[in-house]
Amino acid sequence: MAYEDLLRPNLAPAARLAHTLLGNPTEAEDAVQEAAMKGWRKLGNLRAGAPFQPWFLGIVVRQVRTIQRAPWWTSIRLPEVPVQSAPAIEKWMDGEDLRLAIGNLPRLQREAVLLHFYLDLSIKDVAASLGLSVPGVKSRINRALHRLRGDIASAEMSA
Amino acid sequence: MSNQDDLRRAVKSAYEIGPDFPHPALLARISADLKSGASPGRRVSWIAGAVSAALAVAIVFAFIGFLRPANPTPHQPGASPVTQPATPSPSSPLSISSAAFHDGEVGVAYGQVSLSASGGIPPYTWTVSQGTLPGGLTLDPGGTVSGAPTTAGPASFTVQVADTTGTTAQASPSSFKIAPALTAGYVPACAGGNCVAEVGCAPGACGEFGYVRGGSPPYSFSVTAGTLPPGPALSGMSLVGPFNGAGGTFNFEVTVTDGLGGKATLNPTFRVAARLWIGGSFTCTGDYNTGCSVRLPYTGGIGTPSAAASVLTCDYGCTPCTQNCALGFSVVVSGGAVTVTFPKGMVNGWKGIVYVQVSDGYTSTAGSPTQVNVTVLPR
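Residues numbered from 1 in each chain as written. Chains lettered and ligands numbered in written order. Predicted model: local features only at pLDDT ≥ 70, side-chain atom pairs only at ≥ 80, totals over all residues. Heavy atoms only, no water.

**What to know about the confidence of the model for chain A**
Residue and element names in this part refer to chain A.
- Across chain A, pLDDT averages 81, with 79% of residues at or above 70.
- No element of chain A has a lower mean pLDDT than helix α4 (residues 86-94), which averages 50, and none a higher one than helix α7 (residues 123-130), which averages 94.
- pLDDT under 50 marks residues 72-89. Its contacts with residues more than four places away, or in other chains, come to 21 contacts. (pLDDT = per-residue confidence, 0-100. Helix = DSSP H or I, 4+ residues; strand = E, 2+ residues; numbered from the N terminus. Contact = heavy atoms within 4.5 Å.)

Here you go:
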């Protein structure tokens, strides 16, 4: 199977993941584009028989990290606000508390939560994507859930 | 959150983005990058690009010598900039380096065959491009053929490998055969595993109990349970060599293993009879008017034996004995004995020796016939 055939069904999940982590659709697509090229160069590292999706999403996550820690003067882009329908914007606003709470999570907890609850990856695949053990992913998700419950509860009380 | 399903729904809702994301052009941009091997061309407006470039140049010139990037790329002094090839190029053309199959056997796990390729850009994906694998065998995409054949017969097919670019290479057509399953059965004389033999029986007359069909030579046979009768040794599905001892019942298990690991077992029971035997020396005395009769009891053997008698020596000028002396006699086997009867009319004064031997098809007393001394008294 050619690389593009492997890549095609994973572009949308990868872009959505990058968007949740970066909050900017243009940067998210650029991150996926860069990750696709890195994946192409590193394809020899993919073990025969290993699933492609967790491997590729791991590259996307690392590319997002690279973008997030880049010095401010290396990349200046004008954000492009996606044109969305009114109902979509309302839904986006409705989930603001949860997005803020997830955004306040430590990096690995945030990535694990989004891979598992947003992209529906199994714990095993989340572990493969983040380079963690399965118990390591479970403990991070559990800590994240504990923290999210507290954050959302306090947000509801203060509202 | 009441449970994780609620959280899952809430997260999906919180991050929901329009169906147009990502833009359909993203795949086209990536495809173009892959084909050109160039660095990704980002979707940055020319204004943003110009501002970025101007700021970057200004900052670099203003702070050159003082600022270092947050993630500097290590450079060796005097070293030329390293150019990372954007597209991996295969070191050599894709080719199949190993696709050697071996014969198999129905019901026996097929010795795993691992196909291997070189060149191109891994990982490789293996498929059967022509023909079909024998039933029960599978080829996984990683190039491993495994399984247990279910159908006997010749197999002919071609395997193909594809690398990550879609380039393919085909192996030469592979052909091998799947042998029928190894089976073992009893010969008719040993139907149901119930075998008979007799102490002293000649090789070939007893001892064969089974046969082998199918499988792949060479075969090896071994006694895996029980005890053989004393005397013979196992040779294939036969006991070879004279049976010794006093007879008895012996049950044992023989396992045959073929060259591919197929196995079959037989579990015969040998009922070994005592040797057929007539012992001693007998005398039959009579005269012309009475004749004489003598009863020779026998022991051992299987079933009712047959008996034969012959005149070996005689005197009174009868040479050859049976013609000139007109000596007639009958031999009857009944009731566990051989009865030899000389009728009336025997030549007066004749003396002779008659040898009697019995046989039951398994063995006989031919080697040591029983002697009957006959004396015809004068009238």
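There is more to say after this.
**As for the pattern of salt bridges**
- What the rule picks out here adds up to nine salt bridges over all chains.
- Where K12(B) meets D120(A), a salt bridge forms, and the shortest distance between an N and an O atom there is 2.8 Å. Of this pair, K12(B) sits in helix α1 (residues 4-14) while D120(A) sits in the loop between α6 (107-118) and α7, on two different chains.
- Of the residues examined, D120(A) reaches a relative accessible area of 42% and is grouped as partly exposed.
- Through salt bridges with shared partners, a single network forms among E29(A), D30(A) and R29(B). (Salt bridge = Lys/Arg side-chain N within 4 Å of Asp/Glu carboxyl O. Buried < 20%, exposed > 50% of the residue type's maximum accessible area, 1.4 Å probe, protein only.)

**Examining the side chain of T20(A)**
- Along the chain, the position of T20(A) falls in helix α1 (residues 3-22).
- In this structure T20(A) comes out as buried when scored by relative accessible area, which is 9%.
- For T20(A), the side chain forms a polar contact with the main-chain oxygen of L17(A), separated by 2.5 Å.
- Excluding anything up to four places from it in sequence, T20(A) contacts L114(A), Y118(A) and Y15(B). (Polar contact = N/O pair within 3.5 Å; in protein donor to acceptor, adjacent residues only side chain to side chain.)

**Looking at the sheet that holds strand β23 (residues 330-334) of chain B**
All names here are of chain B.
- Strand order in the open sheet made by the three strands is β21-β24-β23, with antiparallel pairing throughout. Both outer strands of the open sheet, β21 (292-297) and β23, are each paired with one neighbouring strand and no more. Each strand of the sheet is rotated relative to its neighbour by a mean of 20°, with strand direction disregarded. (Pairing = 2+ DSSP bridges. Axes fitted to C-alpha atoms, helices over the stretch in contact; angles between N-to-C directions.)

**Considerations on the pairing of strand β18 (residues 263-266) of chain B**
Residue and element names in this part refer to chain B.
- On β18, burial follows the alternation: A264 and L266 on one face are buried, whereas K263 and T265 on the facing-out side are not.
- As paired strands, strand β17 (residues 248-257) and β18 are joined by four bridges and run antiparallel to one another. Residue pairing in the sheet places V254 in a bridge with L266 of β18.
- Adjacent in sequence and paired antiparallel, β17 and β18 are bridged by five residues, among which G261 carries a positive phi angle near 95°.

**What to know about the nonpolar core**
- Counting 58 residues, the largest nonpolar core has Y3(A), L17(A), F56(A), I102(A) and V11(B) as its most contacted members.
- If you tally residues by element for this core, the top one is α1(A), at nine residues.
- I102(A) has contacts with R110(A), V113(A), L114(A), L148(A), V11(B) and Y15(B), leaving out every residue within four places of it along the chain.
- Formed by 21 residues, the second largest nonpolar core is a distinct cluster that contains L94(B), F101(B), Y110(B) and L133(B). (Core = buried A, V, L, I, M, F, W, Y, C linked by side-chain atoms within 4.5 Å.)

**Some words on the packing of aromatic side chains**
Residues and elements named next belong to chain A.
- Here the structure, examined in full by the defined rule, presents 13 aromatic pairs over all chains.
- For the pair F52 and W55, a centre-to-centre distance of 5.6 Å together with 50° between the ring planes defines the contact as tilted. Taken together, the residues F52 and W55, both in helix α3 (residues 52-68) and three residues apart, mark about one turn of the helix.
- Aromatic ring contacts, followed pair by pair, group Y3, W40, F52, W55 and F56 into a single cluster. (Phe/Tyr/Trp six-rings, centres within 6.5 Å; stacked < 30°, edge-to-face > 60°.)

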